[in-house]
Amino acid sequence: MFGCSARLGVASIGLPMDEIDCLQSEEDIENILQVCEAQNDHLGSDSLDSEQCHTTLVEENEPGTENNSELINQRQQKIQHERALSVKCLEKQAKKMVKTSNSKYPELEVGTSVRISIPDVDRARGSPRNVLAVITDVKDNLYKLCTENGFLKHKYTRTEINPCKEKLLDLETVVSKLKEGGEITLREAAAFNSISGSQGFTRCHCKTQCKTNRCACRASTRLCNSKCHNSLPCNNKD
C-alpha cells in the first residue's frame, strides 16, 4: 500500500524485524514490549529535564529580564499616580458642585413658608400645582414640613422646596390646629386643596337624595357632581 508492502501479524505492531525472527512464544512479545515502554519513558523524562534546564539557563542569562521588571514597576507606579490624581480631581469637582449648590440654594430656617411642587401622578384634575407648607425641623440637610392639613410623612431636600417671599403660614398657628402625630402624604395634601378631590372621581350611588352621612360625598364633605347617582334628586348640591 502506497508503495510499501502491508505488514501482517506481529510486524504490524511495530517490533523490529531482528527481534521478530527470534520470537518463539507470546511471553517473548510481552518482554519486548515492556523493554520498549521503559526505554520510551526514560527518554521522555530526560528530554523534559533537558528542556527545563535549558529554559532556566536562558532566563538566567537573558539580559532583558531586569529591564522588563523595571518597566513593569514603572508602569505600576504610573497607574497608582494616575489613580491618586483622578481622586483629587473628583474631590475638587465635588467641592465645586457643593459650593455652587449652596450659593444657588441657601439654607432655610425653621418657620419659613415654602411651596412644594406636586408631581403629575399625585394630582387630580382640579388639584393645584403646588402645596403651601412651613418648615418645622431641619436635620442632616433634610426639611420636615407641615401643611394646614397635617405633617408630611417624608422629608425633603433643599432642591425640592421653594421658599416664599412672604410668611404665608405661621408655624405656631398651623401646629396648634393639628392633632398630635397626624401625618399625611403629598397626594393627600393635594386632595385636601383640590376642588374635585384626589385622583379619579369620587361619586356616590345614593337613592335617598343624599340626606345622611351614608352618602360618600357628604361623608367626605364634598358636593355631589354630575357623575353621582345617575342625576337623581340630591340635597348635597349648591
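Refer to the preceding data block for the structure.
Residues numbered from 1 in each chain as written. Predicted model: local features only at pLDDT ≥ 70, side-chain atom pairs only at ≥ 80, totals over all residues. Heavy atoms only, no water.

A.B. asks: Please set out the overall build of the chain residue by residue, giving values where relevant.
C.D. replies: For the chain, the count of helices and strands is six helices and six strands. Across the chain, helices and strands are ordered from the amino to the carboxyl terminus as α-α-α-β-β-β-β-β-α-β-α-α. Within the chain, the fraction of its 238 residues that count as buried is 21%. A fraction of 53% describes how many contacts in the chain between residues 6 or more apart in sequence connect residues 24 or more apart. In the form shown here, the chain has an accessible surface area of approximately 18,600 Å², with 51% of it arising from carbon and sulfur atoms. (Helix = DSSP H or I, 4+ residues; strand = E, 2+ residues; numbered from the N terminus. Buried < 20%, exposed > 50% of the residue type's maximum accessible area, 1.4 Å probe, protein only. Contact = heavy atoms within 4.5 Å. Areas by Shrake-Rupley, 256 points an atom, 1.4 Å probe, with all protein chains shown as cover.)

A.B. asks: Describe the environment of Cys217, naming the residues involved and giving the relevant values.
C.D. replies: Relative to the assigned elements, Cys217 resides in helix 6 (residues 216–219). Put simply, Cys217 and His205 are 12 residues apart on the chain and 9.7 Å apart in space, counted from C-alpha to C-alpha.

A.B. asks: Give me the lowdown on the sheet that holds strand 2 (residues 130–139), citing residues and values where you can.
C.D. replies: In space, the six strands of this open sheet follow the order 5-1-2-3-4-6, with mixed pairing throughout. Edge positions in the open sheet fall to strand 5 (161–163) and strand 6 (183–184), since each of these has one partner strand only. In the sheet, strand 3 (residues 142–147) pairs with strand 4 (residues 150–152) via two bridges, with the strands oriented antiparallel. What sits directly across from Cys146, in strand 4, is Phe151. (Pairing = 2+ DSSP bridges.)

A.B. asks: Break down the environment of Ala190 for me, with residues and values.
C.D. replies: Position of Ala190 relative to the elements: it lies in helix 5 (residues 186–192). Separated by 73 residues in sequence, Ala190 and Ser117 have C-alpha atoms that sit 10.0 Å apart. Ala190 has contacts with Ile118, Asp122, Ser127, Pro128 and Val131, leaving out every residue within four places of it along the chain.

A.B. asks: Explain the pattern of salt bridges to me, using residue names and the numbers behind them.
C.D. replies: Side-chain pairs of opposite charge can arise where the charged atoms are in close proximity. Scanning the model with the defined rule gives two salt bridges in all. Put simply, Lys144 and Glu183 hold a salt bridge, and the shortest N to O gap is 3.3 Å. Taken together, the residues Lys144 in strand 3 and Glu183 in strand 6 connect sequence positions 39 residues apart. (Salt bridge = Lys/Arg side-chain N within 4 Å of Asp/Glu carboxyl O.)

A.B. asks: Outline the nonpolar core, supporting the account with residue identities and numerical values.
C.D. replies: Val114, Ile116, Ile135, Leu145, Leu152, Tyr156 and Ile161 are the most contacted members of the largest nonpolar core, which has 16 residues in total. Of all the secondary-structure elements, those providing two or more residues to this core are strand 1 (113–117), strand 2, strand 3 and helix 5. Apart from residues lying up to four places away in sequence, Leu152 is in contact with Ile116, Lys144, Leu145, Thr147, Ile184, Thr185, Leu186 and Ala189. Core analysis: the next-biggest nonpolar cluster, separate from the first, contains eight residues, Cys204, Cys210, Cys215 and Cys234 among them. (Core = buried A, V, L, I, M, F, W, Y, C linked by side-chain atoms within 4.5 Å.)

A.B. asks: Tell me about the pairing of strand 2, residues and numbers included.
C.D. replies: Inspection of the sheet shows strand 1 paired to strand 2 by five bridges, in the antiparallel sense. Across the sheet, Ser113 pairs through a bridge with Val134, a residue of strand 2. Pairing between strand 2 and strand 3: five bridges, direction antiparallel. Its bridge partner lying in strand 3, Val134 is registered against Cys146. Between the antiparallel neighbours strand 2 and strand 3 lie two residues, among them Asp140 with a positive phi of about 55°.

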